[in-house]
Structure formats: C-alpha cells, structure tokens
Amino acid sequence: YWRHIAALHHWDAGEVTDISVTSLEWIQNGVDCGPIACSVLEQFINAGFDENGRMPSFSIPCGHQIRIQMLHVIAGRIKMSCSDYLMLLDSAPDSWTAEIPGEDIINNIQNGRYHAECHELLRRITIVSSTCSQCRRPVPPQNDERTLKSGEDGNGAPPEDQDTLDAEFKLEPDTSSDVDAIIDSQRSASASASRRRVKNWNLGSNKRFLRPTAPPSLAAYSGRRWFQDDRTFDDYEGGPTIEMLIAPRDINPTTTFHTRGIQLSTTWVDWVDHGFRITPSSFQMFYKCDPISTMAHIMPIGTTDSYDPSNQVPDRVTGEYSLQRRGSTQRCQHMEVTDVEIISASELVDSAQDDPPLHEECRSGHNAFVRGHASRGFSDGPALYVDLERDAVKFTEDEIETSVDIDSIIWTTKAFRCRGSVGIYITPPFQTKPGIFKHNHTYVDITIPQSEEDANAPGGRMEWLSKRFPMSAIPHACLGRISSASSTLNLYIAFPRMIHQHPVNGRRITLIPKETLDIFWDRVLLPSIGDCTDASWAPYLKQTLEEARYKARGGDGRNGRWSPPKTIPLSDDDFRDVQERMEICIREGDRELSMYGSLFFVLEGKGIKLLTKDGQRGRFSGPEEALRRNLPDLDWSYMMNRRHGELLVDVGISFTPHSPNVPVVGVWRLDALEASFGAGGYKRGDMHHHNTLSRYGALQAEMQQERSQQTHIAFRSTYNLYYESIRTNSNQASFASDSDAYKLSPSYMTECFEIAKVVDGCKGKTYGVRDEYRVSGHAARIILDNIDEKAREYLRSDPVLWIPSKIWFELIRRRVREIQRTQISIVKKNPPNLGILTGLLNHMLRSTTSTPIVYDFHVRESLALLEYRNVLETAGMFFLQDFDLASDTCLDSVQQIDDMNVLALMGANAKTRRDKAVEKMGTWQSTELELQDYPLGRTPTWARLKAAIASSPAMIMRPWSWSPRFSNTELSIGRLIIMFTRHVWLMLTPEVFKGIRPHPNSLQEAMRCWTITSVDDTLAAVTFEACNAGLHDRTGITPGHMGPKSKAFADRCSLFFPDAEAPNKDKAQWSVLWNADGYIAEFHRMMKARDEDQQALLKQGLCDVFSHLHCLPASAARVWTQKNDAIVFITNPAFYR
C-alpha cells in the first residue's frame, strides 16, 4: 500500500522496512463510512503528526455536512476542469487515454444541466442538514489515542473547561438605552458639545388622556378554555429541537457557481422546518364558551357626569387654575393669561384671507398656519390657541343616522370548505410584500419546538409550551381566491413550521422566497390537483410549474406579468381531496418537504361594508343576511362551528347627521374616546391626532387578552370618515419624500397641488364618524341584535364634534399651501439646516392627511427639542412658533447644521448645498434677503422664467390632467401615439433610467408618460427648458431677449410624424424609426391608405394630442439630446401659470 501511495503523490518510497504504520480507527454509523473517511484523511493531511510523532485530534462532523463540503468543492472543480479540457483538446497530451468524456457529458456541463443537477442535489442535502440535530450541534474534537487504545476510556472527548463555555456562550455587552448615546458614539466630545441636546424625549410624543372609569368586572372564568388535545393532529415527535434555532450559520445570500465550488443559499437554510407545530386549539382566540358581557364592552361611556364636551381648552391656556396651596382656606386666585389668543378654526382661516401665488410672500398665512401667531399690522400678535368647539354644530339624537354593517371577515382553519368553487392559482403570484403584511389583530397559538433533552427522554413528548403569534408573523402565500360580481376573497396558505427571524435585526420574515414557493407548487400543489381531478381535466391541467409558466407567457414571449396568475376552479369536494393529497405528499417527502407541514388556511375578505350596510337598504333583514346572500359560496354554518377554526368579523357602526343646508365633518373628541376605551378594558393602543390637533382624532386598540377571551372582542377601531376622501386604494399613506421637498421636485409640487385640490372638492359633502369592532362570529350576532339602543345611548355622551365641512377642509387646504410656501422660501434661502427644516415641514404636511410614523431620527429629535407635546397642549395644534425666515437658520431650537445622516436622506447634492450655506453664515444679515433663483411677480423676465423652469418646473407649470375630449379620439391616432411613446423610449440605454422604462397600453397612459413628473421619476438625469411659443401678449412682449421663436407643441408634431419626403430619414437616430417596424413607417402606411381629407384629419388629431403634452424631448437632428450628461426636454408653455 505504501508504494502505491508514494507513487500516486510522486514520493520516494524508500525502504519499506523503514516505514512504520500507525492505524487510525473511529466509530462508524453504517451510513457515512466513505464521507467520514475522506473527512478524517483531509484533517490528518492538513495537520500531520505533532512534534512527538502522535496523531492530531480530529472531529467527525455529520455526514450531511461532509457531503455538502465535498459537493461544494467537486462541482466547481469539474466546471474548471471541463474548461481546461476543451482548451487542451486540440493538442491533447500523449498521456491521455482513449477513455475521454462523451459529448453528452461535456454538453451537460456547458449548457448548465450539470449545474442544475448539482444545485438540486445540494439544495436537498442542505434542507435535510438544516433539520438534522447532529448537524446543528457543535462537533467535539476526538483524540485517537484516547479513542482507540484498548483498556482506556472510549469516550474520546476531553472535559470541557470554563473558558471554553465562556467563549461559546458569551453574554451580549450592556447597551445604553439613551438615544443620544447611539448618535454621539459617532462624534467626538467637541463635536457633540456644539449640538443641542434633548432633555426629555417624551416631549416629542403625544400626551394621553385620563381613563376615569374602570371596565366592568368579570367573574373568574371556570369553564373549559380550549379544545381537547390530539396527539395525531400534527407531527409532534422527532422534529427539530429548540436548540437548533440558535445554531450559527455560514452561508451567502444567493447561490453562485465559481471555480472554488457552490455557495449555499439562505433559502435552503432559513426556509426549513424549525420545529413549530399546531394543535386543535391553535386557531382559538377566545375561550370555548359563548361570549360573556359583550355589550357591556361595546361603546361604553367612560366620561363622568361633570364632563363638558365643549370645554376643550386646558387650564394652562385659560388660567383657570388655583394658585393656592392645597388645603388653604383663602379665597381662590387664578392666573390671567394675556399672551395667548383663543380663536376658532373659522377665525384662523379668515385671518389669512389673502392667498397670493406661492412664489410671493403671505405673511398673514405664514403666521396663522405655520407659526401659530396672530398678525397685527406689520408686527406679530400673541400666540394662538385653536379651539374647534367655537365652530361646533349641534345635532339632536334624532338628527344623527346610525348605520350598521359588516366590513370584513377573517377565517382561520385547518380544513377549508365552501359551498361553491375556489379558484387556485396555477403559478405562485408575484408579490413584493406578504398578503397580510401588517398586524390584523388576529393570532394563532403555535406550539414551540421541544428541547433536545425532552426529545431524547423516553416516553414521548412532555413539553407542550406554546406562544401566540400574530397572523402577520407567520409565513404565508396567496393560494387562490373566491370571486363574485361584487367581491373577491383571498385565500392564503400559511406555513408555521417556517417561522424564523432575521439573524441581524431579529424581525420576523414572512415573504416566502420564489424558490420555496416554486417547490411547493411543483411538488405538492400541482401534483395533488392532478391526482384529485377527473381524467377529462388532464388536457387543461398543468402537470409541472415549468409547463404552467411556459403557457402563461405573453404574446411577445416575455415571462412574468404583474397581473394575478391564471386560476383553476375546484369544487368543494375536489379541493378537500386536494388538501388530503397535499398532506400525503408532504409526509412522503420526509424532511425535504417537512417545512410545508402543519399548513393551514386563512380566508380574508376586506371592504365588503357596502354589501351589508343596513341589509343593503332594506333588501334583507340585516347585515348578517345580506352577507350570507351576497357571499353564497361560503359555508357559513361550517365557518361558525369553532371546531373547524375561528371566524372573525368586523362590525362597524357609522354616525352621520342629516344636515342638508350645512355639510359637516365629524371628528372624535379624544378625551371622551380615551375614557370610553378605558371603560371597555382596552389596551392603550395607537392614538391619532388629525392635522396635529391636540384634542381630536382617532384611536385603535386591542382588548386585554384575558378579557378578550371571555367577551370575544379582539380589537376596536374608531376613525373619522372624512379620511375616505383622501384614502388610497391600498390604504397606505404615501407622500413625496423629504428629498423631493428638499429639491422642490415635480413630484413634491404635484402632490401638494393634488391634496389641496382634493380637499377643496370635499367642502360640499358630509362626513360622519365610525366605530368598528373585530369580534367572533357569535359575538357579532349579539352586537347586531342590540346595537341600535347602545349607539343612541353612546351618542348622548356627546363624543363627537361636528364642524362645517367648509371650515374643516379649508383649514387643511391652507395649512398645506402655507407649508408648501414656506418650503419654497427656505429652499430659496438655503440655510445650513435646510434638511432638518424640510423634515419638520414635511412631517407637518403628511399630518394633514394621515398620522405618519416618524422613522427618521432627526425628525424625532427636532420634535423633542421643540417640545411637541407642550406645543399641542398650549396651542391646540402643532406650530413652529419661533420660526423666523429672517434669521440665519430660521429655527433656533433645532440643530443648526445638517449632519451627514440628514444629508444622506436629502440626496446626492445636499452636502455641496449645505457647505455653501455654511460659508455664507458669517455674512448673512438679519434682514430678509431677496434671492433671484425663482421668478417673482406675474410677468417674469424671459431669463428668470428659463431659470425657474430649469430649477423647479413644477412651480411654474400647472399639473397635467386628462381631457375627456380625448376619449373620443380615433383609434388610429391613439395607436400611433402609443407606438411613438414606446419606440422613442426604447431608444435609450438602460443606464439612463432610474425607474421603469415606459410601456403604455392606452392613449391616456402614453400622454401621461410625457408629464414632467413621470419624466423626472423615469430618468436618472434630466433638465427642462422653457419654450417661448405664444408668450407674446397684446400689450407687448415678455421682458428680456427671448431669442429665436420656438415651435408650438402642435407644430412639433411634424418633427415626430414627418412626411415621407422629410430629410431626417437618413440620420442615424431617426432612420431606425423609418424602417418597417418603426412608428414613422406605420404612420406613412396609414397615410398612404387614406384620401386627402382623411390624411388631414389624421394629422390634425395628432397635432391636438401634441398640443396637450406636458413636455417633449428637445429633438432636432437627433431624437435625444444631452446637456451636461442630462437628457433635455422642452416644456409646453400652454401649461405655464
């Protein structure tokens, strides 16, 4: 043997008699003999003998890990060797034998089939390894002398010492909870000394109100709480243990091939069976009893008898508090407050009647809506307190209409059943976020993995610890839908065994990767559907995911559309068979498919209130019957049976006054609302202050768990229905970013204009308030039967303020407009803390339509430095009371210079702009400076107009809007404009885009592609130029030399749609558009097929469309032109303000 080994490695064998052989043996497991031998040999060759001639210590990892390591190296080496082989094949060495690889082997390596096989094999081994307790356990070193010599201890493992344990289980270092410490750790002491420091971070948040009334007492629950456990309900034995959840990982985020081997994917390690299981009671959110005292917790009155709803001004503003010591018998004395003026919302609006263009100063509006000060001639008056109660409109109980409906349903079940059919997606739907991406106040009780000690103990599992997981924290995917003419219900499939956290930030990850979903569809779902349907269905079924995706391609052969995938309808019987077959497939897949076990279904129907509102205006006896009749495909008796799962229903009560003469808006009084939530036993929840008003808004909170389990009430949500006027379809608040406001980008300007336009159109409507409860199906019946009297009783406590719609929406509109005006002013001024001021103003702007979450640290810091809570208490609304445009930094209380964190949020050029502002600080004067960056007045000079268009076109140009007259445009014209838009944008290379390349499908979409907002969002670098066509008026010309007269946009049509004899057809960029497939060639074909009158109508139609485009490329000899690496566009003067 020694001679063979020496010859293999080209060693000198020497005299065999001089060679001593040391044997090495180890404990075998009968399965991994070869891999273990390779691992031991590798370790020994790398380490060699020690100085005393003894063998080194070695470790025997699990066979899965050895196989992964072997495949990792060999796969890459084979790829490299194949490349070398093909390179040397023409001059093959003589030592090569005739047994060379066949062409099929070489082709498999070259075309990727070999790598696909290696990839699949590595995935399967990695998934099994991730659920193997031996793989996840640290491998102890073994010493051959201790292990193998006869007569000695055979355990082989050296005793663990305390240093080893300390190194392995090191505690996390203590961290300070002070937020300042996080930021100041990046600054020196001298740098920190020059910054303002927050004394009390609580001042940056909202103040909560008192809860004077305790919730009703409930007797100690003595009945049965949960369903009987069933050890056959899930696989509770032999699964991964809890110790495996904290094992370290050594993986990369993607799977890659290179010469050194294959890199593992996080998908194979993270999305596996982590040991979580479900029980028959997992879906129970409430005790196994009928609802207890449900109505006592619906709209309870929490205010005391002395409560005066019209008194919403605190004593610290009115001075109505005693200065005497407690217990004093002297006459009570009060403070006289003279530095605050209490005014109504209508008086606040009337105090700023003038509303000039945004580029002009409006001192009264700035004082009233940004600073919160009165204006007295040329000086500032006292600070203001906004009291909405002075504009209150009173209604009697009979004048307020109460409307009841069911808004949504959520049903969680192990075995899904329905009366009709359910549409199952044949391919996984493309999702950028999970279907249930935010907490819906629904929980599932999950049994956590057992410990390794319990798993190895005889007698079966003894540990049955469980934890309530929010539905949004469980990985899930949209499996299908139940559709009708009136609604669409989404069916989700959840995989609790895949529950895991991000290794760095600790957050739950629930968006399942495409690779994991593909395996489920390909190996579980589609085969199960094929096994459970009739033979006549076979031609219409997709047997594999690859086949389904091939058939789902578009007409142009492209894969992956944004629209939902095709569905296959399955009857209730068929889908029940499919569910049983899926369970069998998962069990037969053993550990490779075990992560899909313990699956359950979630049926979610949202936004169905109009189907059930008051029984659809009397057609049905009530909301419940309306729900059953409008959703007949659901098996309601099966869903109401709690043995099959938990049905949650949202019951909503809306209050709307009859006020035909004066439209009003209802807003909840927060003090009464807080007291009501306290009297109902609800948690603190989330309070929303509308438009930063201190006393009015909304509140949402879950009920305390023990009380919720008895009353069957999970969650209560109150909000004001005027929110529906600005609510997006996705119910996600969105607004232009701070960086857009920092640059006054077109998207920011457009967003401000659109908000003002929307709220201005709502002044003639009445909006009420709403109180909504998420309860069990049984509790919903109780509420629906008793809600009318309860609602009338609750209204008597006067928890709602009714204010004229004209006043409310004008308050919002002027607030938006004055904040926008202030933003334009500070951008002109360019103070060194422009980013910090922008963050504050944009936060106030977002607060006009929603309650934004403050993510950026500098905004939270600024609110705390400004004592946001105290401002709300003393002004009734948040104002920047010390804001001064004449000062160097405009607001002395906040940080005076943008730091690097703020600049990073504001964009690429923010640092240069900040540095210029810092250089000017020493020379600034306290008087207001007039900068010429933007046009002033109604007749700006041509030079100033060009500068304004180049720097902020949205300030000069009106927003583009679709004209209804284009709805009747000839189809040929629309087709040409669509082709023109697609082909022209296709000429640009991918490097110039920061968004998605436009690909319109209608005339309206094509015209929208040429708005300044769309262009700015699409291209990475763009510059806009002014056009002087039509700027001459009857009294003279616009001041300033305008240069050559530009073509009007209608006349530019001939440039983009030239006649057949036009000269540009031979120029490089234009020539491709004249070819057979270009839009210009198509235009010529259309013209050729028409007579002269029809040709004139076609050209006139195209000119009409061009005259209504927002902007166009500055085309001439070339289609696209650049200036300083930015693509140039000409703006349409028809849209100039």
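Within each chain, residues carry numbers counting from 1 in the order of the written sequence. Owing to the predicted nature of the model, reporting of local features is limited to residues with pLDDT of at least 70; listing and counting of side-chain atom pairs is limited to 80 or more, with chain, interface and lining totals taken over all residues. Side-chain numbers here rest on the full set of heavy atoms in the structure, without hydrogens or water.

Right, let's get into the overall build of the chain. The helix and strand labels rest on DSSP assignments: H or I over at least four residues marks a helix, E over at least two residues marks a strand, and numbering proceeds from the N terminus. A count of helices and strands for the chain gives 43 helices and 24 strands. The rule is simple: take the accessible area with a 1.4 Å probe, protein chains only, and divide by the maximum for that residue type; under 20% is buried, over 50% is exposed, in between is partly exposed. Among the 1137 residues that make up the chain, the fraction classed as buried is 49%. We call two residues contacting when some pair of their heavy atoms lies within 4.5 Å. Counting contacts in the chain only where the partners sit at least 6 residues apart, residues at least 24 apart contribute 76% of the total. The Shrake-Rupley method, run with a 1.4 Å probe, gives the accessible areas here. Residue values count only the displayed protein chains as cover. Here the chain has roughly 57100 Å² of accessible surface; of this, 50% comes from carbon and sulfur atoms.

Bringing the packing of helix α5 (residues 113–130) against helix α16 (residues 514–531) into the picture now. Here an angle of 0 to 180 degrees is reported between the N-to-C directions of two axes, which are lines fitted to C-alpha atoms, with helices fitted over the stretch in contact. Viewed as axis vectors pointing N to C, α5 and α16 meet at an angle of 95°, and their least axial separation amounts to 14 Å. Overall, the two elements α5 and α16 adopt an arrangement that is roughly perpendicular. Seen from α5, the contacting residues are His119, Glu120 and Arg123; seen from α16, they are Glu515, Ile519 and Arg523. Looking at side-chain class alone, the contact of α5 with α16 contains one nonpolar, one polar and four charged residues. Under this scheme an angle from 65 to 115 degrees is roughly perpendicular, one under 35 degrees roughly parallel, and one over 145 degrees roughly antiparallel; angles in between are oblique. Three classes are used, and their members are as follows: Ala, Val, Leu, Ile, Met, Phe, Trp, Tyr, Cys and Pro are nonpolar, Asp, Glu, Lys and Arg are charged, and the others, Gly among them, are polar.

What follows deals with the pairing of strand β16 (residues 686–689). Here β16 pairs with strand β17 (residues 696–702) via four bridges, running antiparallel. Within β17, the residue paired with Asp686 across the bridge is Gln700. Here β16 hands over to β17 after six residues, with Asn691 in that stretch at a positive phi of 55°. Any two strands between which DSSP finds at least two bridges are classified as paired.

What follows concerns the packing of aromatic side chains. Aromatic rings from Phe, Tyr and Trp, with only the six-membered ring used for Trp, were paired whenever their centres fell within 6.5 Å, and each pair was classed as stacked if the ring planes differed by under 30 degrees, edge-to-face if by over 60, and tilted otherwise. Under the criterion given, the structure shown has 40 aromatic pairs. Lying across the ring of Trp464, Arg461 places its NZ or CZ 5.0 Å from the centre. Sitting over the ring of Phe469, Lys467 keeps its end group 5.3 Å from the ring centre. Only when the NZ atom of a Lys or the CZ atom of an Arg is both within 6 Å of the ring centre and within 35 degrees of the ring normal do we say a charge sits over the ring.

Along the chain, Pro1000 falls in the loop between α37 (971–986) and α38 (1003–1008). Looking at Pro1000, the relative accessible area reads 1%, which means it is buried. Remark: the alpha-carbon pair of Pro1000 and Ile978, spanning 22 residues in sequence, is separated by 6.3 Å.

To summarise the sheet geometry, strands pair through backbone hydrogen bonds and adopt either a parallel or an antiparallel arrangement. The mixed open sheet is built from three strands, whose spatial order is β3-β5-β4. At either end of the open sheet lies a strand with only one pairing partner, and these are β3 (340–343) and β4 (373–376). Within the sheet, the average angular offset between the axes of one strand and its neighbour, ignoring direction, is 45°. Set on the sheet, helix α14 (residues 363–371) makes contact with β4 and β5 (379–386); between it and β4 the angle comes to about 160°. Where helix α32 (residues 868–875) meets the sheet, its contacts fall on β3 and β5, and the angle it forms with β5 comes to roughly 90°.

Attention now goes to helix α27 (residues 746–760). Spacing of three or four residues puts side chains on the same side of an α-helix, whose turn is 3.6 residues. Helix length check: α27, at 15 residues, gives a terminal C-alpha distance of 21 Å against a target of 21 Å (1.5 Å per residue), a fit within 8%. Taken residue by residue, α27 has Pro746, Ser747, Tyr748, Met749, Thr750, Cys752, Phe753, Ile755, Ala756 and Val759 as its buried positions. The span expected for a helix works out to 1.5 Å for each residue beyond the first.

Scored between 0 and 100, pLDDT is the confidence that the predictor attaches to each residue. Chain-level pLDDT for the chain is 82 on average; 85% of the residues reach the 70-or-more range. Note that pLDDT drops below 50 for residues 247–260; the model gives that stretch 36 contacts with residues more than four away or on any other chain. Predicted confidence for residues 922–936 stays below pLDDT 50, and this span has 33 contacts to residues more than four positions away or in other chains.

Note on strand geometry: in a regular strand, side chains alternate between the two faces of the sheet. The element strand β7 (residues 421–425) is largely enclosed, with a buried count of four among its five residues. As judged from the five bridges shared by β7 and strand β12 (residues 567–571), these two strands associate in the antiparallel manner. Across the sheet, residue Val422 finds its bridge partner in β12, namely Leu570. Of the pairings in the sheet, the one linking β7 to strand β10 (residues 476–483) comprises two bridges and is antiparallel in character. When the bridges of β10 are listed, Gly423 appears paired with Arg481.

Before going further, it helps to spend a moment on the packing of α27 against helix α29 (residues 805–829). Contact geometry of α27 with α29 gives a least axis separation of 8 Å together with a crossing angle of 165°. Accordingly, the angle class assigned to the pair α27 and α29 is roughly antiparallel. The two elements α27 and α29 cross, and the hand of that crossing is left-handed. The segment α27 lies against α29, with Tyr748, Met749, Cys752, Phe753, Ile755, Ala756, Val759 and Asp760 engaging Phe809, Glu810, Ile812, Arg813, Val816, Ile819, Gln820, Gln823 and Ile824. For any helix crossing, the convention is left-handed if the near helix is rotated counterclockwise from the far helix by under a right angle, and right-handed if that rotation is clockwise.

The topology assignment puts Gly681 in the loop between α24 (670–679) and β16. For the pair Gly681 and Arg707, spaced 26 residues apart in the sequence, the C-alpha separation amounts to 7.3 Å.

Moving on: α37. Helix length check: α37 (16 residues) gives 22 Å between terminal C-alpha atoms against 22 Å at 1.5 Å per residue, within 8%. Across the 16 residues of α37, twelve count as buried, placing the element largely inside the fold.

Let us look at the side chain of Asn1132. Within the secondary structure, Asn1132 sits in the segment after β24 (1126–1131). Look at Asn1132 and you get buried, because its relative accessible area is 3%. Dropping the residues within four chain positions of it, Asn1132 is found in contact with Met957, Phe1049, Phe1106, Ser1107, His1108, Leu1109 and His1110.

Time to look at the environment of Leu673. Structurally, Leu673 is set in helix α24. Classification of Leu673 by relative accessible area gives buried; the value is 0%. Contacts of Leu673, omitting those with residues within four sequence positions, involve Trp668, Ala698, Leu699, Thr718 and Tyr794.

Let us now look at the pattern of salt bridges. Here a salt bridge means any side-chain nitrogen of Lys or Arg lying within 4 Å of a carboxyl oxygen belonging to Asp or Glu. Taken as a whole and assessed by the stated rule, the structure comprises 53 salt bridges. With a closest N to O distance of 3.0 Å, Glu646 and Arg642 form a salt bridge. Accessibility expressed as a relative area gives 3% for Glu646, which makes it buried. Between Arg669 and Asp798 there is a salt bridge, and its shortest N-O distance comes to 3.4 Å. In this pair, Arg669 is assigned in strand β15 (residues 664–669) and Asp798 in the loop between α28 (777–795) and β20 (800–804), connecting sequence segments 129 residues apart. In this structure, a network of salt bridges that share partners links the residues Asp355, Asp760, Lys763, Glu810, Arg813, Arg814, Arg817, Glu818 and Arg821.

Another point: the state of the cysteines. What counts as a disulfide here is a pair of cysteine sulfur atoms lying within 2.5 Å. Taken as a whole and judged by the stated rule, the model has zero disulfides. Summary of cysteine pairing: Cys1053 is not part of a disulfide, and the nearest cysteine sulfur, belonging to Cys1103, is at 4.1 Å.

Attention now goes to the nonpolar core. Considering soluble globular proteins, one finds that nonpolar side chains tend to be buried as a cluster. In this text, buried Ala, Val, Leu, Ile, Met, Phe, Trp, Tyr and Cys residues form a nonpolar core when linked through side-chain atoms within 4.5 Å. By size, the foremost hydrophobic cluster in this structure holds 134 residues, and its most contacted members are Trp808, Trp985, Leu1019, Phe1057, Tyr1079 and Phe1129. Here the element with the most residues in this core is α29; it accounts for ten residues. Every residue in contact with Trp808, bar those within four places of it in the chain, is listed here: Leu388, Val665, Val667, His690, Leu693, Tyr722 and Ile803.

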